[in-house]
Amino acid sequence: MSLNLIRDVRGVYLTPKHIPVLTEEVIIALNLKANGIYIDSTLGEGGHTRQILESTDMPISVIGFEVDSSAIKSATKVLQDYDTQVTIVNASYIDIPKEIIKLGLNKVDGVVFDLGLSSLQLGSSNRGFSFRSESPLDMRFNQAQEIDAWQIVNLSTEQELADMLKQLGEEPYARRISRSIVKSRPINTTRQLAKVIVQSSGRRIGKVHPATRSFQAIRMKVNDELNNIRKGLDQAISILPEGGRLVVISYHSIEDRIVKKYISEASTNCICDHKIIECVCSHKAYLKSINKKVIKPKPNEIELNPRSRSARLRVAEKLSDQNS
């Protein structure tokens, strides 16, 4: 069996373009039920949605949210056999409540987040997500938004760049790299930027490219990813009924810490500072953590799909409405 292929739940081999991660774990986490309605909040190319639908004979439906128009075109083809069970919404997951109201709904039975980049985005020659090909500095998920990577790289101050690389990329050479970026401007392409980063960091190109952390940080800044994750989790919880499931896959420590902290606080009856003797916050738990330990890909999945290596899955169940 080729290491570039992976089987779906029916045993059918998927092409590398459509390899979703932790699919079996996601399906188990959702706790599917007959006539259930589920949201794939990061539809991408439709990999998770397709496998969710293929995993059961029960009548279920999935609403897929996606801001990337190119991904929507790809997902539409991947999901064409399930068009009666799938609704694709061209919107961000931070707008989930507003958008499902338009569909005549106010609750769904589960929400899935896959916070990673899709193969389509990484492989595109003109989106600027990868330093392995020459392309304009873009990095926008939503091509309609104004701010792109070129503006972040060429218009930010040295201090702003350093703070961004350190906070969003956990880059140990943030100060040195930001100084070199400012001196080298204008920087117009991904390879120009990668070259500046490699030269300024003083690190050799090895298994992990020296530009990886910086590209991550710039992409997260362009798309306001950390703020959107928090907003998205809030929106997802607001439309889950009691017993509804929240399923989140993250790919680096910053994202995973946000998700872990969010679920931990939502699963705790008191979030007062530990120094306070008597609770004054009146906080009531409205989530229950399903997996006490983070779920990671099994060795055989990592072998079949190396991109899954850094994936981390956390699952929570809604206890009650926060407003009830």
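Residues numbered from 1 in each chain as written. Predicted model: local features only at pLDDT ≥ 70, side-chain atom pairs only at ≥ 80, totals over all residues. Heavy atoms only, no water.

**Q** Help me understand helix H3 (residues 69–78) in this model?
**A** Helical geometry: 3.6 residues make up each α-helical turn, so side chains three or four residues apart lie on a common side. Inspection of H3 places Ala71, Ile72, Ser74, Ala75 and Val78 among the buried residues, and these make up the whole buried set. One side of H3 holds all its buried residues, which, seen down the axis, span an arc of 165°. Those residues of H3 that are exposed and aimed more than 90 degrees away from the buried face are Lys73 and Lys77. Between the side-chain oxygen of the N-cap and the backbone nitrogen of serine 70 there are 2.9 Å, and the N-cap of H3 in question is aspartate 68. (Buried < 20%, exposed > 50% of the residue type's maximum accessible area, 1.4 Å probe, protein only. Helix = DSSP H or I, 4+ residues; strand = E, 2+ residues; numbered from the N terminus. Arc of directions from axis to C-beta. Polar contact = N/O pair within 3.5 Å; in protein donor to acceptor, adjacent residues only side chain to side chain.)

**Q** Sorry if this is basic, but what is going on with the packing of helix H8 (residues 174–184) against helix H9 (residues 190–201) here?
**A** For any two helices packed against each other, one specifies the crossing angle of their axes together with the interaxial distance. Their axes nearest at 9 Å, the elements H8 and H9 cross at an angle of 130°. Relative to H9, H8 is oriented oblique. In the crossing of H8 with H9, the sense of the turn from one axis to the other is right-handed. Residue-level inspection shows Arg176, Ile177, Ser180, Ile181 and Ser184 of H8 in contact with H9, the latter providing Leu193, Val196, Ile197, Ser200 and Ser201. Looking at the contact of H8 with H9 residue by residue, the class counts come to five nonpolar, four polar and one charged. (Axes fitted to C-alpha atoms, helices over the stretch in contact; angles between N-to-C directions. Parallel < 35°, antiparallel > 145°, perpendicular 65-115°, else oblique. Left-handed = near helix turned anticlockwise from the far one by under 90°. Contact = heavy atoms within 4.5 Å. Nonpolar A, V, L, I, M, F, W, Y, C, P; charged D, E, K, R; others polar.)

**Q** Mind showing me how you'd approach the packing of aromatic side chains here?
**A** Think of a pair of aromatic rings as described by two things: how far the centres are apart, and how the planes are tilted against each other in angle. Taken as a whole and assessed by the stated rule, the structure comprises three aromatic pairs. Aromatic pair tyrosine 93 and phenylalanine 113: ring centres 5.1 Å apart, planes at 75°, arrangement edge-to-face. Remark: phenylalanine 113 occurs in strand E6 (residues 110–114) and tyrosine 93 occurs in the loop between strand E5 (86–89) and helix H4 (96–102); sequence separation between them is 20 residues. Here tyrosine 93 falls in the buried class, since its relative accessible area comes to 12%. (Phe/Tyr/Trp six-rings, centres within 6.5 Å; stacked < 30°, edge-to-face > 60°.)

**Q** Sorry if this is basic, but what is going on with unusual backbone geometry here?
**A** Working note: non-glycine residues mostly have negative phi, and peptide bonds are mostly trans. Proline 186 follows arginine 185 through a cis peptide bond whose omega is 5°. Among the secondary structure elements, proline 186 is positioned in the loop between H8 and H9. Of note in this structure, asparagine 31 is not a glycine but carries a positive phi near 55°. Within the fold, asparagine 31 resides in the loop between helix H1 (23–30) and strand E3 (37–40). The residue asparagine 35 is not glycine, and still its phi comes out positive at about 65°. Note on placement: asparagine 35 falls in the loop between H1 and E3.

**Q** Is there a simple way to think about the environment of arginine 203 in this case?
**A** As for its placement among the helices and strands, arginine 203 is situated in the loop between H9 and helix H10 (212–222). Given the relative accessible area of 24%, arginine 203 is considered partly exposed. When the C-alpha atoms of arginine 203 and tyrosine 173 are compared, they prove to be 10.0 Å apart, with 30 residues separating the residues in sequence. If sequence neighbours within four positions are ignored, arginine 203 has contacts with Glu171, Pro172, Tyr173, Ile177, Val198 and Pro210.

**Q** It is not clear to me how the packing of helix H7 (residues 158–169) against H10 should be interpreted in this structure. Could you clarify?
**A** Interaxial distance between H7 and H10 falls to 8 Å at its minimum, and their mutual angle equals 100°. In terms of orientation, H7 lies roughly perpendicular with respect to H10. On H10, the residues touching Met164, Leu165, Leu168 and Gly169 of H7 are Arg213, Ser214, Gln216, Ala217, Ile218, Met220 and Lys221. Class assignment of the residues belonging to the contact of H7 with H10 gives a composition of six nonpolar, three polar and two charged.

**Q** How do you make sense of the nonpolar core when you look at a structure like this?
**A** The nonpolar side chains of a soluble globular protein tend to be buried, and buried together. Residues Ile39, Val111, Phe113, Leu193 and Ile218 are the most contacted members of the largest nonpolar core, which totals 57 residues. Per-element accounting of this core gives the leading share, six residues, to helix H12 (residues 253–266). With residues near it in sequence (within four places) discarded, leucine 193 still touches Leu137, Val153, Ile181, Ile187, Phe215 and Ile218. Formed by 25 residues, the second largest nonpolar core is a distinct cluster that contains Ala29, Ala75, Val86 and Leu313. (Core = buried A, V, L, I, M, F, W, Y, C linked by side-chain atoms within 4.5 Å.)

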